Amino acid sequence: MPRKPGRKSGGRSGKPCARGAAGTRKGAAEPAAGDAPEGGAGGARLGAAEEIRNRVRELRMVRAGDFKKNPNNYREHPLHQRELIRGLFAEIGFVDVWIARETPEGLELIDGHMRTEEVPDEQLVPCLIVDLEDHEVDKVLATLDPITSLASQNDEMLRDLLDRIETQNADIRRFLADQEHELEKVEVPEVTEEEKGREVSGMDLEAHEHYDYLVVLCTTTQEWNVLVDRLGLPKVKMRRGSMGVSRAIRAAKLLEALNS
């Protein structure tokens, strides 16, 4: 579909370019008929008739201890995430802003709860002050962070990026190593019903980094016999002094037996 004349257009940053009085970009000609619309794979960006409101009032340096927590903030932050953000603060510093709004009780946080808890109360942090109503804040809380998780990735570009990064922080190194490990994982084919019930010889079972294992160690004959009966494993005649018996079953079969 040809692009409508006078519509907003931007570069990689997504910010509108400067325009002349006629609504076209300065120094740019009107788009010719048949030009592809700008925007992502989902279609064109908003047109001139759909002006995007700027709800940001100002960028302000705020004392971290002056923020009021949002009572509807549902996100919880595990220790490893907190350790990672501490490492980034130590090596780089602040590269993102807090988001808050003015209320009669003070500045109410919308984004930045964990970061606030990880800095001293006297620390000044960059904060966007926004003008939002209660129902709008709820909508932002429910969508702002989850939307970022919807993005896909270019594995080759990520590999190149990870190869260039150097860090002295153990938590950051561990996080980057986990990303590299995820890139090396292979797609596991779907297990058929026939394979679910098929026994895998324990001696043939070799550790493989792309699979997860749960090892159950039987220290008594009674424990072994109970498991054999419960999981439907072939019974083996135990001989005094012989090597211990090993068996491996697929997780699907184990879960089926545990739920029966």
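Caption draft 1: Summary view of the sheet that holds strand β4 (residues 106-111). Overall, mixed pairing links the five strands, which are arranged β1-β5-β3-β4-β2 in an open sheet. Bordering the open sheet on either side are β1 (56-63) and β2 (67-68), each of which pairs with just one other strand. Inspection of the sheet shows β2 paired to β4 by two bridges, in the parallel sense. Within β4, the position partnered with K68 by the bridge is E108. Against the sheet, helix α3 (residues 134-148) makes contact with β3 (98-103) and β4, and its axis sits at roughly 35° relative to β4, the strand it touches most.

Caption draft 2: Focus on helix α5 (residues 170-184). Spanning 15 residues, α5 covers 21 Å between terminal C-alpha atoms, matching the ideal 21 Å at 1.5 Å per step. All of the buried residues along α5 are I172, L176 and L183. With its buried residues spanning 30° around the axis, α5 presents them on a single face. As for α5, its buried residues are in contact with α1 (79-91) and α4 (155-164). For α5, the N-terminal cap is N169; the gap from its side-chain oxygen to the backbone nitrogen of D171 is 2.9 Å.

Caption draft 3: Local environment of α1. Compared with the 18 Å implied by 1.5 Å per residue over 13 residues, the 18 Å span of α1 between its first and last C-alpha is a close match. For α1, the secondary structure elements touched by its buried residues are β3, α2 (113-117) and α5. G93 sits one or two residues past α1 and shows a positive phi near 110°.

Caption draft 4: Geometry of the pairing of β3. Within β3, five of the six residues are buried, which leaves it mostly tucked inside the rest of the structure. As judged from the five bridges shared by β3 and β4, these two strands associate in the antiparallel manner. From the neighbouring strand, T103 faces β4, where its bridge partner is G106. Turn length for the β3-β4 hairpin, with the two strands adjacent in sequence and antiparallel, is two residues.

Caption draft 5: Representation of the pattern of salt bridges. The full count for this structure, using the stated rule, is 17 salt bridges. Ionic pairing is found between R82 and E117, a salt bridge with its closest N-O pair at 2.7 Å. Of this pair, R82 sits in helix α1 while E117 sits in helix α2, placing them 35 residues apart in sequence. In this structure, the salt-bridge partner of D171 is R174, at a minimum N-O distance of 3.0 Å. Linking D171 with R174, this pair stays in helix α5, spanning three residues, or about one helical turn.

Caption draft 6: Fine view of a nonpolar patch on the surface. Where nonpolar side chains cluster on the molecular surface, the patch consists of L88, I92 and V95 and spans about 300 Å² of accessible area. Mapping L88 onto the fold places it in helix α1.

Caption draft 7: Structural context of the packing of α4 against α5. Where α4 contacts α5, the axes come no closer than 11 Å and their chain directions differ by 145°. You can see that α4 and α5 cross each other, and the crossing is left-handed. Between α4, through D155, L158, R159, L162 and D163, and α5, the contact on the second element is made entirely by L176, Q179, E180, L183 and E184.

Conventions used here
Residue indices follow the written sequence of each chain, beginning from 1 at its first position. Selection of residues for local features in this predicted model requires a pLDDT of at least 70, selection of side-chain atom pairs for listing and counting requires 80 or more, and totals for whole chains, interfaces and linings are taken over all residues. The side-chain values count all of the structure's non-hydrogen atoms but skip hydrogen atoms and water molecules. For two strands to be treated as a pair, DSSP must find no fewer than two bridges joining them. Numbering goes from the N terminus for both helices and strands, where a helix is a DSSP run of H or I of at least four residues and a strand is a run of E of at least two. In what follows, a contact means two residues having at least one pair of non-hydrogen atoms within 4.5 Å. Note on geometry: axes are lines fitted to C-alpha atoms, helical ones only across the stretch in contact, with angles between N-to-C directions running from 0 to 180 degrees. Residue count minus one, scaled by 1.5 Å, sets the expected span of a helix. Partly exposed describes any residue whose relative accessible area lies between the buried limit of under 20% and the exposed limit of over 50%, with all areas from a 1.4 Å probe on protein chains only and scaled to the type maximum. Comment: arc refers to directions from the helix axis out to C-beta atoms. By the criterion applied in these results, polar contacts are pairs of N or O atoms within 3.5 Å in which, for protein atoms, one can donate a hydrogen and the other can accept it, and in which residues neighboring in sequence qualify only through two side-chain atoms. Any carboxyl oxygen of Asp or Glu within 4 Å of a side-chain nitrogen of Lys or Arg constitutes a salt bridge here. The residues that make up patches have over 30% relative accessible area and no salt bridge, and they are joined within 9 Å when like-charged or within 5 Å when they are Val, Leu, Ile, Met, Phe, Trp or Tyr. Here, Shrake-Rupley sampling with a 1.4 Å probe gives the accessible areas, and only protein chains in the shown set may cover a residue. The hand of a helix crossing depends on one turn: near helix anticlockwise from the far one by less than a right angle means left-handed, and clockwise means right-handed.

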